[in-house]
Amino acid sequence: MTQQHLNERDHDLLFGEDALEPGDAVVHLEHGLARYDGHMSCDLGDTDQILTTFEYRDGGKLMLPAIEGQDFWRFGAPADDLTLDRLKSGDWLKRRDEMIAELRESADHMIEMGRARRAHAATPLVPDAKAYATFADAFAHEPTDDQDRAITTALGDLALDTPMDRLLVGDVGFGKTEIALRAAAAAALSGHQVIIAAPTTVLARQHFNSFHARFAQLGIAVAELSRLTPTDDYDATLQGLQDGSIKVVVGTQSLLDDHIAFKNLALVIIDEEQKFGEEQKDQLRHLVPGLHVLSMTATPIPRSLAAAEVGLVDVSVVATAPKSRKPVQTRLGGLDHDDMLQAVDTEVARDGQCYIVCPRVSDVEELEALLRKRGVSFTFATAHGQMADDDMAQAMLTFMEGEVDVLLSTSIIESGLDNGRANTMVVWHADRFGLSQLHQLRGRIGRSKLPAHMLLLTGVEPNCSSEAATRLTAFCEMSEIGAGFRIARKDRDIRGFGKLDGTDQSGQMSRLGIGLYRHILKNHINGRAH
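Residues numbered from 1 in each chain as written. Predicted model: local features only at pLDDT ≥ 70, side-chain atom pairs only at ≥ 80, totals over all residues. Heavy atoms only, no water.

With respect to the overall build of the protein
The secondary structure content of the protein amounts to 16 helices and 18 strands. Counting the 530 residues in the protein, one finds 54% classified as buried. Sequence-distant contacts, at least 24 apart, represent 75% of the contacts inside the protein between residues at least 6 apart. (Helix = DSSP H or I, 4+ residues; strand = E, 2+ residues; numbered from the N terminus. Buried < 20%, exposed > 50% of the residue type's maximum accessible area, 1.4 Å probe, protein only. Contact = heavy atoms within 4.5 Å.)

So, in structure tokens, the structure goes:
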């Protein structure tokens, strides 16, 4: 942890907020959770004074001078969705002080954990310049400015004897994998070993193929460890990691097997870090003392955002899309089988592939029966979490390799699949998915030069006032390139920051709200720094 501050652009992307409006929930430091109702100027004879109006439960109302960011803060959700505090009940001040004490304790724990990790010197990783240039030149595209900055910063971190702890935040399809490849090259070309951890076997296989192809030109061995790894290959990989002949290993939680021993592990890269449990991430971070760590995500969990803002981890933001990337055209529709099949037929007719995604296994089974009954002309594979792991992975790989036209699945496909031929997605019962899930799903398409389409089918009336309708409408509107940052902030508003050093996603945020939480946390961290 170097306590580097985010620049203004990156800070706005991760933490930017709209202007406060009447109806928003706010937290007053002395009076608690209220509905903000604007402000007005009052003529007091010799001076004008601005009074802010706060409305509380059971008709309570306050009008008093108050400055946003000093006396009161945005909570992060509409007041109508919350139970407001009662005026002068005495409950708020007690709760506030308890939550502040708990938050400070969490922050202290995180700081001490960081200090303990940094107490072990890391191995500086400085690759041979000529070999690294050969590796970098194999990238088939021109890096964006954001990619260049992230690569330069990561290489700078790795060259130090202080363990790197960097979070790489980038929207889906914005080139985070290339940054991971460059960091891995720095380790492998320095004679050290690197882990790339992925949350699913299919994503691990995809990364293995990418890393194997790039490192093959330099004669560097890349191995895979997951449920898909045959026993003989698994045993050979364990031996290669132990004797150091394998420099790069890609895998799932299988990487945490007690039987695995490394000769000179120096770097761990955690992809889709939001998909790993806190205990798993902690194990990966502490496989050996002084380990460099690079975590990657498109939709950082609220706790990661909080840790990033106050400098508990360093952050790189990749917010510039590749030139070929186009917005995915996203629209809402009713639960209409014919509409779904028309979308598939249109995609297949242009020699493309299509995802059909359902929230539940029963929905997958229902649609599978429908497709078979209709005798559709396209080919399809089915994948869901109740299948045997090998069967599920094989179905997904069959689709990725272009052997079938359609993959009918649950949301298991949301993490990292990269198939340039798949440019249409139909989401069945879309109202049963959260914002971040929908954004991750949308990131699976639109990775070629062809226009991509996402069709959200739902039984919810789009014009009604339900939370689901509001969420889906907002998602369709947030379809621009780079919308992931807006979606992550919206998700944070819904879920809260969570406990910094635990697994809860509500924690102290449950009543402090976003603004006051950040204010207390930053003041506490800054106070300790001085």
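With respect to the packing of aromatic side chains
Taken as a whole, this structure holds 5 aromatic pairs when the rule is applied. Between Phe54 and Phe72, the aromatic rings sit 5.1 Å apart at their centres with planes inclined by 80°, giving edge-to-face as the arrangement. Highlighted residues: Phe54 in strand β3 (residues 48-55) and Phe72 in strand β5 (residues 72-78), separated in sequence by 18 residues. The class of Phe54 is buried, set by a relative accessible area of 0%. For Phe72, a relative accessible area of 3% corresponds to the buried category. Here Phe135 and Phe215 contribute two aromatic rings whose centre-to-centre distance is 4.7 Å and whose plane-to-plane angle is 40°, an arrangement assigned as tilted. Taken together, the residues Phe135 in helix α3 (residues 129-137) and Phe215 in helix α6 (residues 201-216) connect sequence positions 80 residues apart. (Phe/Tyr/Trp six-rings, centres within 6.5 Å; stacked < 30°, edge-to-face > 60°.)

Observations concerning the sheet that holds strand β14 (residues 353-357)
Read across the open sheet, the 6 strands follow the order β13-β18-β17-β14-β16-β15; overall the sheet is parallel. The strands lining the two open edges of the sheet, one partner per strand, are β13 (329-333) and β15 (380-383). Neighbour-to-neighbour, the strand axes of this sheet turn through a mean angle of 15°, independent of strand direction. Strand direction decides the pairing type here: β14 and strand β17 (residues 422-428), joined by 5 bridges, are parallel. (Pairing = 2+ DSSP bridges. Axes fitted to C-alpha atoms, helices over the stretch in contact; angles between N-to-C directions.)

Some words on the confidence of the model for the protein
Per-residue confidence for the protein averages 86 on the pLDDT scale, and 89% of its residues sit at or above 70. Within the model, the stretch residues 500-507 combines pLDDT values under 50 with 30 contacts to residues more than four positions away or in other chains. (pLDDT = per-residue confidence, 0-100.)

Focus on the nonpolar core
The biggest cluster of nonpolar side chains holds 39 residues, and the ones touching the most others in it are Val194, Phe211, Phe215, Val248, Leu267 and Ile269. Contributions of two or more residues to this core are made by α3, α4 (145-158), α5 (176-188), β7 (193-197), α6, β9 (248-251), β10 (265-270) and β11 (292-297). Looking at which element gives the most residues to this core, the answer is α5, with 9 residues. Leu267 has contacts with Leu158, Met164, Ala183, Ala184, Ala187, Gln193, Val194, Ile195, Leu291, His292, Val293 and Leu294, leaving out every residue within four places of it along the chain. (Core = buried A, V, L, I, M, F, W, Y, C linked by side-chain atoms within 4.5 Å.)

Considering unusual backbone geometry
One non-glycine residue, Lys88, adopts positive backbone phi at about 55°. Relative to the helices and strands, Lys88 resides in the loop between β5 and α2 (91-118). The exposed category is assigned to Lys88, whose relative accessible area is 81%.

A word on helix α10 (residues 337-349)
Helix length check: α10 (13 residues) gives 18 Å between terminal C-alpha atoms against 18 Å at 1.5 Å per residue, within 8%. For α10, the complete set of buried residues consists of Met340, Leu341, Ala343, Val344 and Glu347. Buried residues in α10, looked at end-on, bunch into an arc of 155°, giving them a common side. Residues of α10 that are buried in the fold lie against β14, α11 (361-374), β16 (406-409), β17 and β18 (453-457). Where α10 starts, the residue carrying a side-chain oxygen 2.8 Å from the main-chain nitrogen of Asp338 turns out to be Asp336. Once α10 finishes, Asp351 follows within two positions and takes phi at roughly 65°, a positive value. (Expected span 1.5 Å × (residues − 1). Arc of directions from axis to C-beta. Polar contact = N/O pair within 3.5 Å; in protein donor to acceptor, adjacent residues only side chain to side chain.)

A closer look at the layout of surface pockets
If you roll a probe as big as a water molecule over the atoms, it shows you where there is empty space left. A volume near 1300 Å³ is recorded for the largest pocket. Those elements that place two or more of their residues in the lining of the largest pocket are α4, α5, α6 and α12 (389-400). At 9 residues, α6 tops the list of elements feeding residues into the lining of the largest pocket. The residue makeup of the lining of the largest pocket, split by class, is 15 nonpolar, 18 polar and 15 charged. (1 Å grid on protein atoms, 1.4 Å probe; cavity = no way out; pocket = protein on both sides within 12 Å on 5 of 7 lines; lining within 4 Å. Points joined across faces, edges and corners; volume = space filled by probe spheres on them. Nonpolar A, V, L, I, M, F, W, Y, C, P; charged D, E, K, R; others polar.)

Let's talk about the side chain of Ser295
One can find Ser295 in strand β11. For Ser295, a relative accessible area of 3% puts it in the buried group. Contacts of Ser295, omitting those with residues within four sequence positions, involve Arg166, Leu167, Leu168, Ile270, Glu273 and Arg285.

Overview of the sheet that holds strand β8 (residues 222-225)
One open sheet holds the 7 strands; their spatial order is β8-β9-β7-β10-β11-β6-β12, and the pairing between them is parallel. Of all the strands in the sheet, just β8 and β12 (314-318) have a single pairing partner and so form its edges. Pairwise comparison of adjacent strand axes, ignoring direction, gives a mean angle of 20° for this sheet. Here β8 pairs with β9 via 4 bridges, running parallel. Across the sheet, the residue bridging to Val222 is Val248, located in β9.

Details of the packing of α4 against α5
At a minimum axis separation of 10 Å, α4 and α5 run at an interaxial angle of 25°. The angle between α4 and α5 falls in the class roughly parallel. In this structure, α4 meets α5 at a crossing whose hand is right-handed. Of the residues in α5, those in contact with Gln147, Ala150, Ile151, Leu155 and Leu158 of α4 are Glu178, Ile179, Arg182, Ala183 and Ala186. Its residues placed into classes, the contact of α4 with α5 shows 7 nonpolar, 1 polar and 2 charged. (Parallel < 35°, antiparallel > 145°, perpendicular 65-115°, else oblique. Left-handed = near helix turned anticlockwise from the far one by under 90°.)

Description of the pairing of strand β2 (residues 32-43)
Bridge count between strand β1 (residues 24-28) and β2: 4 bridges; the pairing is antiparallel. Considered in β2, the bridge of Val27 is made with Leu33. In sequence, β1 turns back onto β2 through a hairpin of 3 residues. Strand direction decides the pairing type here: β2 and β3, joined by 7 bridges, are antiparallel. Each residue of the ladder has a partner; that of His39, found in β3, is Thr52.

Some points on the packing of α3 against α5
Their axes nearest at 10 Å, the elements α3 and α5 cross at an angle of 160°. Here α5 runs roughly antiparallel to α3, going by the angle between their axes. Judged by the twist between their axes, the crossing of α3 over α5 is right-handed. Contact residues: α3 offers Tyr132, Phe135 and Ala136, while α5 offers Leu181, Arg182 and Ala185. Taken together, the residues that form the contact of α3 with α5 break down as 5 nonpolar, no polar and 1 charged.

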